[in-house]
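Chain by chain, the residues:
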Amino acid sequence: MLGQFPVMKGGTANDSIHAIATDSKNSLLITGDTTGWVSVYNISNWCIDVARAKRYASNAMHRQPAVPFSEPVPKAKIRCHLSTITNVELVPVKNLIITSSTDCSIRVWTLNGTYIGTFGQSKEWKVRPTSADEFILPDDIRSLLTEDQINKYR
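Position numbers for residues start from 1 in each chain and track the written sequence from start to end. Under the rules for a predicted model, residues below a pLDDT of 70 receive no local features and side-chain atom pairs below 80 are neither given nor counted, while totals for whole chains, interfaces and linings still include all residues. As a convention, hydrogens and water are excluded, and side-chain values are obtained from all of the structure's heavy atoms.

Caption draft 1: Geometry of the overall build of the protein. Where helices and strands are cited, they refer to DSSP runs of H or I of at least four residues and of E of at least two residues respectively, numbered from the N terminus. A tally of regular secondary structure across the protein gives three helices and eight strands. Written out in order from the N terminus, the α and β elements of the protein read β-β-β-α-β-β-β-β-β-α-α. Only protein chains enter the accessibility calculation, which uses a 1.4 Å probe; a residue is then buried when its area is under 20% of its type maximum, exposed when over 50%, and partly exposed in between. Looking at the protein as a whole, 40% of its 154 residues are labelled buried. For the protein, contacts bridging at least 24 residues in sequence account for 44% of all contacts bridging at least 6. For the area figures, the Shrake-Rupley method with a 1.4 Å probe applies, and any residue is considered shielded solely by the protein chains shown. When the accessible area of the protein is evaluated, it comes to approximately 9,500 Å², of which 53% is carbon and sulfur surface. Contacts are assigned to residue pairs with any non-hydrogen atoms lying within 4.5 Å of each other.

Caption draft 2: Structural view of the packing of aromatic side chains. Only Phe, Tyr and Trp rings take part, Trp by its six-membered ring, and two of them pair if their centres are within 6.5 Å. Stacked means planes under 30 degrees apart, edge-to-face means over 60, and tilted covers everything else. All told, the structure shown has one aromatic pair when counted by the stated rule. Relative to Tyr 115, the ring of Trp 109 has its centre 5.0 Å away and its plane inclined at 55°; by these criteria the two rings are tilted. The residues Trp 109 and Tyr 115 share a single accessibility class, namely buried.

Caption draft 3: Highlighting the sheet that holds strand E4 (residues 74–79). Each pair of strands is called paired provided DSSP finds at least two bridges between the two strands. Ordered by their spatial adjacency, four strands build an open sheet running E1-E2-E3-E4, and the pairing between neighbours is antiparallel. Each edge of the open sheet carries a strand with a single partner, namely strand E1 (17–22) and E4. For this sheet, the mean inter-axis angle between neighbouring strands, taken without regard to orientation, is 15°. In this analysis an axis means a line fitted to C-alpha atoms, helices contributing only their contacting stretch, and an angle means the value between N-to-C directions, from 0 to 180 degrees.

Caption draft 4: A look at the side chain of Arg 79. Within the secondary structure, Arg 79 sits in strand E4. Definition of a polar contact: a pair of N or O atoms within 3.5 Å, with one able to donate and the other able to accept a hydrogen when the atoms are protein atoms, and with sequence-neighbouring residues admitted only if both atoms are side-chain atoms. A polar contact of 3.3 Å, which involves the side chain of Arg 79, links it to the backbone oxygen of Thr 35. For Arg 79, the side chain forms a polar contact with the main-chain oxygen of His 81, separated by 2.8 Å.

Caption draft 5: Layout of the side chain of Ser 101. Checked against the element boundaries, Ser 101 lands in strand E6 (residues 96–101). In this structure the side chain of Ser 101 is engaged in a polar contact, spanning 2.9 Å, whose partner is the backbone oxygen of Thr 84. Non-local contacts of Ser 101, meaning those with residues more than four positions away in its chain, are made with His 81, Ser 83, Thr 84, Ile 85 and Thr 86.

Caption draft 6: Just the pattern of salt bridges, in detail. We count a salt bridge whenever a side-chain nitrogen from Lys or Arg sits within 4 Å of a carboxyl oxygen from Asp or Glu. Across all of its chains, the model carries one salt bridge by this definition. Ionic pairing is found between Asp 140 and Arg 107, a salt bridge with its closest N-O pair at 3.0 Å. Linking Asp 140 in helix H2 (residues 139–142) with Arg 107 in strand E7 (residues 106–110), this pair joins segments that are 33 residues apart in sequence. Note on Asp 140: relative accessible area 22%, which makes it partly exposed.

This is a description of form; function is not addressed.
Rendered as structure tokens:
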């Protein structure tokens, strides 16, 4: 391992990452956690300093800690479910994320956090909403948010 960074700041000892995905070039990292959040990171330029990597490789044999790298900033942090995310999948040709959860739902989101739909829902999906009136969130997520928080999803 060349580097690591915390992805659940403010979480409890029982919180953890349960799902992880990358694109084919390993430039995007997508994580899903036990609290229902998905984070999307651009890691294309992260942890690629060869000199640091070589120093760390020799330190690993001596069980010394990893060489510190600054952590990547999330491109998006999305509240996708109210319970543990069990899987995240990237659909690169459409820039979509598919999430599944212990709440027994499977949802589709854009990479920037726009909710597309839940498998099995009765309403037709709007893959690319054309107006703010078409903007939706899952009812369980909407019930937890203030109007200001909802507006950040738009």
